[in-house]
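A look at the structure
Below, each chain spelled out in residue letters.
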Amino acid sequence: MTQPRSIEMVEVGPRDGLQNEAVLISTAHKVELIRRAIAAGSRRIEVASFVNPKRVPQMADAEAVVAGLGAPEGVTRIGLVLNERGAERALAAGLDQLGAVAIASDPFGIRNQGQDSAQSIDVAERIVAMARAAGRSAQVTIATSFGCPFAGEVDPAHVVRMAARLAEAGPVEVALADTIGVAVPAQVSALVRAIAGAIAPLPVRVHFHNTRGTGVANVWAAVEAGASVVDASIGGLGGCPFAPGAAGNVASEDVAYMLARSGVETGLDLNRLIETAQWLGQVMDKVMPSMLAKAGPFPKQADQ
Ligand code: ZN
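In short, a report on the structure. (Residues numbered from 1 in each chain as written. Predicted model: local features only at pLDDT ≥ 70, side-chain atom pairs only at ≥ 80, totals over all residues. Heavy atoms only, no water.)

1. Let's talk about the pairing of strand 7 (residues 204-208)
- Counting buried positions along strand 7 yields five of five residues, so the element is predominantly enclosed.
- The two faces of strand 7 match: V204, V206 and F208 on one face and R205 and H207 on the other face are all buried.
- Taken together, strand 6 (residues 174-178), helix 8 (residues 185-199) and strand 7 form a β-α-β motif whose crossover is right-handed.
- Where strand 7 and strand 8 (residues 229-232) come together, three bridges link them in parallel fashion. Bridging across to strand 8, H207 finds its partner in D231.
- Since strand 7 and strand 8 lie parallel, the crossover through helix 9 (residues 215-224) that links them has a hand, and here it is right-handed. (Buried < 20%, exposed > 50% of the residue type's maximum accessible area, 1.4 Å probe, protein only. Helix = DSSP H or I, 4+ residues; strand = E, 2+ residues; numbered from the N terminus. Right-handed = clockwise from strand over helix to strand, strands pointing away. Pairing = 2+ DSSP bridges.)

2. Points about the pattern of salt bridges
- Overall, the coordinates contain 13 salt bridges when judged by the stated rule.
- The shortest N-O distance in the salt bridge between R44 and E8 comes to 3.1 Å. Of the two residues, R44 sits in strand 2 (residues 44-50) while E8 sits in strand 1 (residues 8-11), which places them 36 residues apart along the sequence.
- Note on E8: relative accessible area 34%, which makes it partly exposed.
- Here E173 and R205 are joined by a salt bridge, their closest N and O atoms 2.6 Å apart. (Salt bridge = Lys/Arg side-chain N within 4 Å of Asp/Glu carboxyl O.)

3. Observations concerning the packing of helix 2 (residues 27-39) against helix 11 (residues 270-284)
- Where helix 2 meets helix 11, the axes come as close as 9 Å, and the angle between the chain directions of the two elements is 170°. In terms of their interaxial angle, helix 2 and helix 11 are classed as roughly antiparallel. Considering how the two elements wind past one another, helix 2 and helix 11 form a crossing that is left-handed. Along the contact surface, helix 2 presents H29, E32, L33, R36 and A39, while helix 11 presents R272, E275, T276, W279, L280 and V283.
- Here the contact of helix 2 with helix 11 is built from residues that sort into five nonpolar, two polar and four charged. (Axes fitted to C-alpha atoms, helices over the stretch in contact; angles between N-to-C directions. Parallel < 35°, antiparallel > 145°, perpendicular 65-115°, else oblique. Left-handed = near helix turned anticlockwise from the far one by under 90°. Contact = heavy atoms within 4.5 Å. Nonpolar A, V, L, I, M, F, W, Y, C, P; charged D, E, K, R; others polar.)

4. A closer look at the nonpolar core
- Core analysis: the largest hydrophobic core is formed by 92 residues, its most contacted members being M9, L98, V192 and F208.
- With seven residues, the top contributor of residues to this core is helix 11.
- Discounting chain neighbours no more than four positions away, the residues touching F208 are F146, D178, A183, V188, G215, N218, V219, A222, N249 and V250. (Core = buried A, V, L, I, M, F, W, Y, C linked by side-chain atoms within 4.5 Å.)

5. Here's the deal with the pairing of strand 6
- Across the five residues of strand 6, five count as buried, placing the element largely inside the fold.
- Here strand 6 shows two buried faces, one formed by V174, L176 and D178 and the other by A175 and A177.
- Bridging between strand 5 (residues 137-143) and strand 6 involves three bridges; their strand directions are parallel. When the sheet's bridge partners are listed, I142 is paired in strand 6 with L176.
- For the crossover that starts at strand 5, traverses helix 7 (residues 156-167) and ends in the parallel strand 6, the hand is right-handed.
- As paired strands, strand 6 and strand 7 are joined by five bridges and run parallel to one another. Pairing of A175 across the sheet is with R205, part of strand 7.

6. Brief notes about the coordination of the zinc ion
- Distances from the zinc ion to its protein donors, namely D16 (OD), H207 (NE2) and H209 (NE2), fall within the range 2.0 to 2.1 Å.
- In terms of primary sequence, the donors binding the zinc ion are separated according to D-x190-H-x1-H. (Donors = N, O, S within 2.8 Å, 3.2 Å for Na, K, Ca; no water.)

7. Quick notes on the packing of helix 6 (residues 117-133) against helix 7
- It is at 10 Å that the axes of helix 6 and helix 7 come closest, and there the two elements cross at 20°. Relative to helix 7, helix 6 is oriented roughly parallel. The chirality of how helix 6 crosses helix 7 is right-handed. Listed contacts from helix 7 to S117, I121, D122, A124 and E125 of helix 6 are H158, M162, R165 and L166.

8. Some words on the packing of aromatic side chains
- Following the criterion strictly, the structure yields two aromatic pairs and no others.
- Ring geometry for F108 versus F150: centroids 6.3 Å apart, planes at 25°, classification stacked. Taken together, the residues span a long stretch of sequence, with F108 in helix 5 (residues 106-113) and F150 in the loop between strand 5 and helix 7 at a distance of 42 residues.
- Centroid distance F146 to F208: 5.9 Å. Interplanar angle 40°. Geometry classified as tilted. Linking F146 in the loop between strand 5 and helix 7 with F208 in strand 7, this pair joins segments that are 62 residues apart in sequence.
- Judged by its relative accessible area of 1%, F208 falls in the buried class.
- Here R111 stacks its cationic end above the ring of F150, 3.9 Å away from the centre of that ring. (Phe/Tyr/Trp six-rings, centres within 6.5 Å; stacked < 30°, edge-to-face > 60°. Lys NZ or Arg CZ within 6 Å of the ring centre and 35° of its normal.)

Bear in mind that shape data such as this cannot, by itself, settle questions of function.
This is the structure we're talking about:
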């Protein structure tokens, strides 16, 4: 077991967090969410997805969000894309990094993005190539790495082979995503170790949903096993419109709290994250899944 000094966190609330919400959030509120994340210390943010607005109405204003945000200095703005058309849109909007998604399970891939696992790998490779050709970067996420809502268990050896192949396309990292929140820490330790070995020196990023209460434990298992980048969502919003029963992402403030008290720096301001989670709860008129937004930090920071 090893413990790093610091971990990079990617804020995915503006995309993964919002896209499963039935209530449409205004473009101005999305821009404010991103600005608040930046003020709390986020330096890599998934700002929107460039997908079919008929399938994901919450993301229909992706271009307007990016235009409203501008290009804050020192911040990497990520746009999630599922095909070449989405990649063209995200590049035209001026995003810094494309997020491609390859899927470990055939039935989920077909329902989520009309591609089986092999096709999704091909498309992800082409998206990475498009980003690089345009002078931008790309990240790749392997969805349903720990289990599929339709096929059940996913073969870890298949995920390792996928990661090794995707790494050759030249992304900044390869991520394992627990799209439906079924992973447990022992499984996370084993798969993160195997992936880290398969793609080194490329970093491993992880993406967990807290559907079954194992999200934060999974983050810790991943960090100890060598993951160096962690996705999380302010307030713990999030899900997937095409993953039945998917609950929120791990909350940014819950993860930042756990890591900070364990001696791992994230560069995030816990109080600002909590304030933003509470603000977002008011905007969305819902109670956030985040634990820290309810309980507060410990020890309380002295007033200054
Ligand atoms: Zn997700």
